[in-house]
Amino acid sequence: MLGLGADRLRADMNRLLALLFHQGVLDEQFLQLQQLQDESSPNFVSEVVNIYFHESEKLLRNLRGLLMDREFTDYKKMGIHLNQFMGSSSSIGAKRVRNVCVAFRAASEQNNRAGCLRALELLEHEYCYLKNKMHELFQLEQQRLLAAGVRYPMQN
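This structure is a prediction, so every number in the text was calculated from the model and none was measured. (Residues numbered from 1 in each chain as written. Predicted model: local features only at pLDDT ≥ 70, side-chain atom pairs only at ≥ 80, totals over all residues. Heavy atoms only, no water.)

Chemist: Please set out the overall build of the protein residue by residue, giving values where relevant.
Modeler: Looking only at helices and strands, the protein has six helices and zero strands in total. Each helix and strand of the protein, ordered N terminal to C terminal, gives the series α-α-α-α-α-α. Its C-alpha atoms put the protein at 65 × 35 × 20 Å along the principal axes. Taking all 156 residues of the protein together, the buried fraction comes to 38%. Pairs at least 24 residues apart make up 67% of the contacts formed inside the protein by residues separated by at least 6 positions. Averaging the locations of the 19 positively and 18 negatively charged side chains of the protein gives two centres separated by 3 Å. (Helix = DSSP H or I, 4+ residues; strand = E, 2+ residues; numbered from the N terminus. Buried < 20%, exposed > 50% of the residue type's maximum accessible area, 1.4 Å probe, protein only. Contact = heavy atoms within 4.5 Å. Lys, Arg positive; Asp, Glu negative; His and termini not counted. Charge placed at Lys NZ, Arg CZ, Asp CG, Glu CD.)

Okay, here's the thing in structure tokens:
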């Protein structure tokens, strides 16, 4: 009986992942990240993605802070933050977030404040969508593990 619930949850996870790939939210890098997870590190993917979210929140705050400053002219500093955001997004397979960062960086290289503001708004939207969907995926994974009766040793 436990297996049926776990199978349904696995199917739900697969449907969600298929949707995220179809929408271009994720790319094959996310699959490579999943392949690194095993019994010795059962929460590897969620831990890496949560670190990404933590660092991304800081980068978004920094970008917004730079753009809200009326005297802002340091587009080079913005480019540094965007390069960090692009790199970390690429490393977890966050394709749409990375693509928005590329467009954002192009606007910053042209010292286009209005373009940067539009790109920031889109970046925040894509980031929130990714974060919500990853949260949903990790909840399904936890439910699947509980339904399957999987128990991992507690770490001290």
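Chemist: Can you tell me about the UniProt feature "domain: HPt" (unreviewed entry) in the protein, naming the residues and giving the values?
Modeler: UniProt tags residues 47-127 as "domain: HPt" (unreviewed entry). Between the end C-alpha atoms of residues 47-127 the distance is 17 Å, and the span holds 86% helix and 0% strand. (UniProt positions renumbered as here; feature names shortened; annotations may be inferred.)

Chemist: So, the nonpolar core: which residues are in play, and what are the values?
Modeler: Grouped together as the largest cluster of nonpolar side chains are 43 residues, with contacts concentrated most on Phe85, Phe104, Leu130 and Met134. Listed by contribution, the elements that provide at least two residues to this core are α1 (2-22), α2 (28-35), α3 (44-68), α4 (75-92), α5 (95-109) and α6 (113-148). Counting residues per element, this core draws most heavily on α6, at 11 residues. (Core = buried A, V, L, I, M, F, W, Y, C linked by side-chain atoms within 4.5 Å.)

Chemist: Quick one: what's the story with the confidence of the model for the protein, residue by residue and with numbers?
Modeler: Confidence along the protein averages 91 in pLDDT terms, with 93% of residues attaining 70 or more. Looking over the protein, one finds the lowest element-wise mean pLDDT in α1, namely 88, and the highest in α5, namely 97. (pLDDT = per-residue confidence, 0-100.)

Chemist: Can you break down the layout of surface pockets residue by residue, with the values?
Modeler: In this approach a probe as big as a water molecule rolls over the atoms, and the regions it shows empty are the leftover space. Estimates place the volume of the second largest pocket at around 250 Å³. Looking at the second largest pocket, it is lined by 15 residues, and the ones nearest its centre are Met13, Gln34, Gln37, Val45 and Glu141. Among the elements of the structure, α1, α3 and α6 are those that each provide at least two residues to the lining of the second largest pocket. Element by element, the count of residues in the lining of the second largest pocket is highest for α6, at five residues. Looking at side-chain class alone, the lining of the second largest pocket contains six nonpolar, six polar and three charged residues. (1 Å grid on protein atoms, 1.4 Å probe; cavity = no way out; pocket = protein on both sides within 12 Å on 5 of 7 lines; lining within 4 Å. Points joined across faces, edges and corners; volume = space filled by probe spheres on them. Nonpolar A, V, L, I, M, F, W, Y, C, P; charged D, E, K, R; others polar.)

Chemist: Provide a residue-level description of the side chain of Ser46, including the pertinent values.
Modeler: Inspection of the secondary structure assignment puts Ser46 in helix α3. Not counting the four nearest positions on each side in its chain, Ser46 is found in contact with Gln37 and Phe138.

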